[in-house]
Amino acid sequence: MNIYVILKRTFDTEEKIQIENGEIVEDGAEFIINPYDEYAIEEAIQIRDEHGGEVTLVTVGDEEAEKQLRTGLAMGADKAVLIEDEDVEDGDQFSTQAILAAYLQDKDADIILGGNVAVDGGSGQVGPRLAEQLGFNHVTSVVKIDIADGKATIEKDVEGDQQIVEVSLPVVVTAQQGLNEPRYPSLPGIMKAKKKPLETLDLDDLDLDEDDVEGKTKTVDRYLPPEKEAGKILEGELDDQVKELVSLLKNEAKVI
Amino acid sequence: MSKKVLVIGEVRDGAFRNVSFEAIAAAKEISADGEIVGVVLGDNVSGLANEMIHYGADKVLTVESDKLADYTPEGYSQALQAVIDQEDPEGIVLGHTAIGKDVSPKIAARIGSGLVSDAVGIEAAGEEVIFTRPIYSGKAFEKVVVKDGIVFATIRPNNIPALEKDDSRSGDVQSVDVDIKDLNTIIKDVVRNTTSGVDLSEASVIVAGGRGMKSEENFDILQELADVLGAAVGASRGACDAEYCDYALQIGQTGKVVTPDLYIAVGISGAIQHVAGMSNSKIIVAINKDPEAEIFQIADYGIVGDLFDIVPKLTEEFKKVLV
């Protein structure tokens, strides 16, 4: 099996977000592999261990993302590719799609795994976009994958319900929580990862012009939501508190 | 501006999901004077089409096929491609639902366009349309414009109010014939985990439990409260990790991000992970035995005490008031 994982370096989910002049302040922040992409890496390793083959990690970003690729290699992936996108103007999901597709189009992938959504941008677009450009099927939000005879039987989460779909390979799948329990890199894994191949490419290497991958959308501002004022803690006998709460929700907040 | 905007409605269990009507209101924001064209896909859906007109669409196109009875990316994208080719729209809007999230990027890639996902606000500024959308799971927001090509967006349910329904509005309903090719994706089975019919992402009221619920069985008292309120039941990651409930119910940075009118957090401490998924709710009620719990800092109303005493009393009191 020729297995690829697309992953993104993101802010640690515990980080507090700060914004200056419409830009996210990254100084001193901790970065991680997007949590949903970790499920994708774990699943890719399990698929390889069952069916044989090789797991290649691919990310689009800057050189800092090498750290996240090394972590994925330490988990057990075989090799990694970093595609630098610093020349891309207003990079958006279209840009990422176009860059990944340019890299993956001649790789004969059987399955490409990614996260259902990145916890920073939160659009969940890149997986299905990539599948369309490559002419692959796609299944999003998957919680179970079985592969046999050139087909994948997949359980996907549909707003809390489970749908079981059968799809022919090659396929792009995006991982939902519940797919697996990602392993922590072991110490020998970390040592080995240092020697595994990590290739760095830029747009020229993929025969892409900056114009080909310029974003179709543009972020013009970022801001924090207004801080919420501390609310009202009710007091008195419990029965009275319950009555007061219901009355407040009905008459003051008007939400019931 | 008088752009033509397609609004793709979503039918579930024989009725439109409310976000379909919210998407019509969003289309009007994008193009106040333009033609709003509703689109409905399915097996037997033409009877529903008029409802989109009542909510503001000027005409509705239906594509009917047994291959569209269940959603598949290929089936829907073939049908939508045919409609887009016929209408040549300048905008497309649909709900940011399981289907909307799945099909919209595929269409965007196919037509080579941008896509603004999960918009919670839309404002027109001259020729430009500015979308507001949450980033970092609602810890921040961004404003996005489309630079090039079609204005294509999915909207988060429950954020852009639908227009008032007007049964006297009328318009054309036309069917579009599309020869849907064989599908590579076969739906084998659907397992319904959601107990009540209320969907977490679309619910206007959510009752959510945390580790303080102590067991799977105890979630029953939350379901009883939810039933009285017509609410959906959700959970914190802690409750899911402890196997009190399915991960499908998880609200938080990993999990679902929700914005109901009323969020009742029961036995939830308010870790940043969870708060990221619900802090944009309009009204937050916290019930927790620990007066220092962080959830009280973002709650509009709080009761400090034993949830096992409070929740049944609350259910009874709502029953009295809501009959």
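None of these values were measured; they are calculated from a predicted model.

1. Overview of the sheet that holds strand S8 (residues 121–125) of chain B
- Read from one edge to the other, the open sheet built from four strands follows the order S14(A)-S10(B)-S9(B)-S8(B), with strand pairing classed as antiparallel. Every other strand in the sheet has two partners, leaving strand S14 (217–223) of chain A together with S8 of chain B as the edge strands with one partner each. The mean inter-strand angle of the sheet, taken between neighbouring strand axes irrespective of direction, is 25°.
- Looking at chain direction, strand S9 (residues 128–135) of chain B and strand S10 (residues 140–146) of chain B are connected through six bridges and run antiparallel. By the bridge assignment, isoleucine 130 of chain B is partnered in S10 of chain B with valine 145 of chain B.
- Running over the sheet, helix H1 (residues 18–30) of chain B touches S8 and S9 of chain B and is turned about 20° from S8 of chain B.

2. Describing the packing of aromatic side chains
- In the structure shown here, the tally under the stated rule is eight aromatic pairs over all chains.
- Here tyrosine 4 of chain A and tyrosine 103 of chain A contribute two aromatic rings whose centre-to-centre distance is 6.4 Å and whose plane-to-plane angle is 70°, an arrangement assigned as edge-to-face. Taken together, the positions of tyrosine 4 of chain A in strand S1 (residues 2–7) and tyrosine 103 of chain A in helix H3 (residues 93–104) put the pair 99 residues apart, joining distant regions of the chain.
- These aromatic residues form a ring-pair network of at least three members: Phe11 and Phe31 of chain A together with Tyr136 of chain B.
- Its end group placed over the ring of phenylalanine 31 of chain A, arginine 9 of chain A keeps NZ or CZ at 3.7 Å from the ring centre.
- For the cation-ring pair, lysine 216 of chain A lies above phenylalanine 94 of chain A, with the distance from its terminal atom to the ring centre recorded as 4.7 Å.

3. Concerning empty space enclosed by the protein
- Scanning the model with the defined rule gives two cavities of 30 Å³ or more in all.
- One number sums up the size of the largest cavity: a volume of about 80 Å³.
- At the level of elements, strand S6 (91–95) and helix H4 (98–111) of chain B are the ones that each hand at least two residues to the lining of the largest cavity.
- In terms of residue class, the lining of the largest cavity is built from six nonpolar, four polar and one charged.
- Lining the second largest cavity, in full, are His138, Val139, Thr140, Lys156, Gln163 and Val165 of chain A together with Tyr71, Thr72, Pro73, Asp102, Thr185 and Ile187 of chain B.
- Of all the elements in the fold, those that place two or more residues in the lining of the second largest cavity are strand S9 (137–148) and strand S11 (161–168) of chain A together with strand S13 (185–191) of chain B.
- In terms of residue count, S9 of chain A provides more of the lining of the second largest cavity than any other element does, three residues in total.
- For the lining of the second largest cavity, the residue count by class is five nonpolar, five polar and two charged.

4. Overview of the packing of H3 of chain A against helix H4 (residues 126–134) of chain A
All names here are of chain A.
- In the contact formed by H3 and H4, the axes pass within 9 Å of each other and the chain directions differ by 45°. With respect to each other, H3 and H4 are oriented oblique. In terms of crossing hand, the pair formed by H3 and H4 is right-handed. Every residue of H4 that contacts H3 at Gln93, Phe94, Thr96, Gln97, Ala98, Leu100, Ala101 and Leu104 is listed here: Val126, Arg129, Leu130, Gln133 and Leu134.
- Looking at the contact of H3 with H4 residue by residue, the class counts come to eight nonpolar, four polar and one charged.

5. Some details on helix H3 (residues 73–87) of chain B
Residue and element names in this part refer to chain B.
- For H3, with 15 residues, the first-to-last C-alpha span of 21 Å sits near the 21 Å given by 1.5 Å per residue.
- With respect to burial, H3 is a largely interior element, 12 of its 15 residues being buried.
- Where H3 is concerned, the buried positions are Pro73, Glu74, Gly75, Tyr76, Ser77, Gln78, Ala79, Leu80, Gln81, Val83, Ile84 and Glu87.
- Following H3 by one or two positions, aspartate 88 has its phi on the positive side, about 50°.

6. Some points on the interface of chain A and chain B
- Contacts between the two partners involve 74 residues from chain A and, on the opposite side, 85 residues from chain B.
- Area buried by chain A at its contact with chain B is led by Glu159, Lys216 and Lys228 of chain A, which between them contribute 11% of it.
- Along the contact surface separating chain A from chain B lie 10 salt bridges.
- Here arginine 17 of chain B and glutamate 159 of chain A are joined by a salt bridge, their closest N and O atoms 2.8 Å apart.

7. Considerations on the nonpolar core
- Counting 38 residues, the largest nonpolar core has Leu57, Leu113, Ile154 and Val173 of chain A as its most contacted members.
- Broken down by element, this core gets its largest block of residues, seven residues, from helix H1 (residues 35–51) of chain A.
- Contacts of leucine 57 of chain A, omitting those with residues within four sequence positions, involve Val5, Leu7, Ile41, Leu69, Gly72, Leu73, Ala77, Lys79, Ala80 and Val81 of chain A.
- With 37 residues, the next largest nonpolar core counts Leu248 and Val255 of chain A together with Ala235 and Phe318 of chain B among its residues.

8. Digging into the packing of helix H7 (residues 238–252) of chain A against helix H9 (residues 307–322) of chain B
- Remark: H7 of chain A packs on H9 of chain B, axes separated minimally by 9 Å, with the N-to-C direction vectors making an angle of 50°. The angle between H7 of chain A and H9 of chain B places the two elements in the oblique class. Seen from above, H7 of chain A lies across H9 of chain B with right-handed handedness. Contacts between H7 of chain A and H9 of chain B involve Leu238, Asp239, Val242, Lys243, Leu245, Val246, Leu249 and Lys250 of chain A from the former and Asp309, Ile310, Lys313, Leu314, Glu317, Phe318 and Val321 of chain B from the latter.
- Taken together, the residues that form the contact of H7 of chain A with H9 of chain B break down as nine nonpolar, no polar and six charged.

9. Considerations on the environment of valine 213 of chain A
Residues and elements named next belong to chain A.
- Position of valine 213 among the secondary structure elements: in helix H6 (residues 210–213).
- The class for valine 213 is buried, based on a relative accessible area of 0%.
- Sequence separation between valine 213 and glycine 135 is 78 residues; the distance between their C-alpha atoms is 19 Å.
- With residues up to four places along the chain from it excluded, the contact list for valine 213 reads Val88, Phe94, Ser95, Ala98, Ile99, Leu203 and Leu208.

10. Re unusual backbone geometry
All names here are of chain A.
- A cis geometry characterises the amide bond from leucine 169 onward to proline 170, with omega recorded as 0°.
- Inspection of the secondary structure assignment puts proline 170 in the loop between S11 and strand S12 (171–175).
- Look at asparagine 21: it is not a glycine, yet its phi comes out positive at around 50°.
- Tracing the backbone through its elements, the reader meets asparagine 21 in the loop between strand S3 (19–20) and strand S4 (23–24).
- Not every positive phi belongs to a glycine, and aspartate 149 is a case in point at roughly 50°.
- Structurally, aspartate 149 can be placed in the loop between S9 and strand S10 (151–158).

11. Quick look at the pairing of strand S14 (residues 205–209) of chain B
All names here are of chain B.
- Most of S14 is tucked away, with five of its five residues classed as buried.
- Pairing of S14 with strand S16 (residues 262–266) involves five bridges; the strand directions are parallel. From the neighbouring strand, valine 207 faces S16, where its bridge partner is isoleucine 264.
- Alignment of S14 against strand S15 (residues 232–235), held across four bridges, turns out to be parallel. Following the sheet pairing, alanine 208 is matched in S15 by glycine 234.

Conventions and cut-offs
- Residues numbered from 1 in each chain as written.
- Chains lettered and ligands numbered in written order.
- Predicted model: local features only at pLDDT ≥ 70, side-chain atom pairs only at ≥ 80, totals over all residues.
- Heavy atoms only, no water.
- Pairing = 2+ DSSP bridges.
- Helix = DSSP H or I, 4+ residues; strand = E, 2+ residues; numbered from the N terminus.
- Axes fitted to C-alpha atoms, helices over the stretch in contact; angles between N-to-C directions.
- Contact = heavy atoms within 4.5 Å.
- Phe/Tyr/Trp six-rings, centres within 6.5 Å; stacked < 30°, edge-to-face > 60°.
- Lys NZ or Arg CZ within 6 Å of the ring centre and 35° of its normal.
- 1 Å grid on protein atoms, 1.4 Å probe; cavity = no way out; pocket = protein on both sides within 12 Å on 5 of 7 lines; lining within 4 Å.
- Points joined across faces, edges and corners; volume = space filled by probe spheres on them.
- Nonpolar A, V, L, I, M, F, W, Y, C, P; charged D, E, K, R; others polar.
- Parallel < 35°, antiparallel > 145°, perpendicular 65-115°, else oblique.
- Left-handed = near helix turned anticlockwise from the far one by under 90°.
- Expected span 1.5 Å × (residues − 1).
- Buried < 20%, exposed > 50% of the residue type's maximum accessible area, 1.4 Å probe, protein only.
- Buried area = accessible area lost by both parts, 1.4 Å probe.
- Salt bridge = Lys/Arg side-chain N within 4 Å of Asp/Glu carboxyl O.
- Core = buried A, V, L, I, M, F, W, Y, C linked by side-chain atoms within 4.5 Å.

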